[in-house]
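Next come the chains, spelled out residue by residue.
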Amino acid sequence: MTLTPTNYYDIATDWQYMSPTWFKKFLACEAEALAELKQIWKPDSDPIALVVGNWLHSYFESKEAHEKFKDEHPEAISSRGPTKGQLKSNFKLADRMIETLDQDEDFKNFYQGDKEVIVTGEIGGYPWKGKIDCLNLKHGYFADLKTTADIYKGYYNEETHEREPFVYAYNYQLQMAVYQELIKQQFGVDCKPYIVAVSKQANPDKQVIDLPAYRLENAMTQILDAQEHIQRVITGEEVPTRCDHCDYCRSTKHLDNVVNADDLIA
């Protein structure tokens, strides 16, 4: 199936192409990810948060894309009370985030290139897809816009028992490694990845973030080590592993075992 802006996010293409988003879902909980892929489970999510994020992305895609997005999302405008006809608070914050970047000449000079570029290729023999926020083949780099609560906030990693930045907490290095590989396959250019982060604070912060090469290499190793099993889970050849902590696992849990009190905290 040829990917287009219209069908990129369709569930049919998600069955045909792996993506960083779905791969990270399977890494988190195979059982929940498979149930969501089969559309027999829909995880709880904040739809407004997603719209707010895309509000910012559409602005930097093009003026036309932003106007179209606003027209498609009237829920951004308050429809009652003293604020009727005005932007809701979440979207006012999104506009402040946009303004923070848009008034920065260094950002505008950096964020140059083709926007929302769909890329496809194979990793380890399996088809993958990606969508690049800003691709500059001429100068050999690409950039991905990320919003976060606080750019410098640390997150505790239960595996390493260390604090880490939001970039690693959300495994964005995996996403960037995939994009880098697909760009190289599709265009023959080895591009350097950057993250452009903007915070959701009342006075938004901003930062261009470089990713160390070893982080990208480790992420690709993680993919190659895990994807054979994940693909076999998707095709029904192997049973998905349950994390036993997510919403899906809790909602489908059966009391078929007894746990020692000493083992309640991992």
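Residues numbered from 1 in each chain as written. Predicted model: local features only at pLDDT ≥ 70, side-chain atom pairs only at ≥ 80, totals over all residues. Heavy atoms only, no water.

## Thoughts on the sheet that holds strand β1 (residues 114–123)
As summarised here, the arrangement of the five strands in space is β1-β2-β3-β6-β7, forming an open sheet in which the pairing is mixed. On the outer flanks of this sheet lie β1 and β7 (206–210), each paired with one strand and no other. Between one strand axis and the next, the sheet turns by 40 degrees as a mean value, whatever way the strands run. Note that strand β2 (residues 126–136) and strand β3 (residues 141–148) share three bridges and pair antiparallel. By the bridge assignment, Leu135 is partnered in β3 with Phe142. (Pairing = 2+ DSSP bridges. Helix = DSSP H or I, 4+ residues; strand = E, 2+ residues; numbered from the N terminus. Axes fitted to C-alpha atoms, helices over the stretch in contact; angles between N-to-C directions.)

## Comments concerning the pattern of salt bridges
Tallied over the entire structure, the rule returns twelve salt bridges. Its salt-bridge partner being Glu67, residue Lys70 comes within 3.4 Å of it at the nearest N-O pair. One end of the pair is Lys70 and the other is Glu67, both in helix α5 (residues 63–72) and three residues apart, which spans about a single turn. On the accessibility criterion, Glu67 (36% relative accessible area) is partly exposed. Ionic pairing is found between Arg242 and Asp244, a salt bridge with its closest N-O pair at 3.5 Å. Classification of Asp244 by relative accessible area gives partly exposed; the value is 47%. Three or more residues are tied together by salt bridges with common partners; here these are Arg232, Glu237 and Glu238. (Salt bridge = Lys/Arg side-chain N within 4 Å of Asp/Glu carboxyl O. Buried < 20%, exposed > 50% of the residue type's maximum accessible area, 1.4 Å probe, protein only.)

## Description of the packing of aromatic side chains
Within this structure, the stated rule accounts for 15 aromatic pairs. Between Phe107 and Tyr111 the ring centres are 5.1 Å apart and the planes differ by 20 degrees, which places this aromatic pair in the stacked class. As far as burial versus exposure is concerned, Phe107 and Tyr111 are alike and both buried. Geometrically, the ring pair formed by Phe110 and Tyr141 is stacked, given 4.9 Å between the ring centres and 10 degrees between the ring planes. Residue Phe110 is found in helix α7 (residues 105–110), and its partner Tyr141 is found in strand β3; the two are separated by 31 residues along the sequence. Above the plane of the ring of Tyr168 lies Arg215, whose end atom (NZ or CZ) is 3.7 Å from the centre. (Phe/Tyr/Trp six-rings, centres within 6.5 Å; stacked < 30°, edge-to-face > 60°. Lys NZ or Arg CZ within 6 Å of the ring centre and 35° of its normal.)

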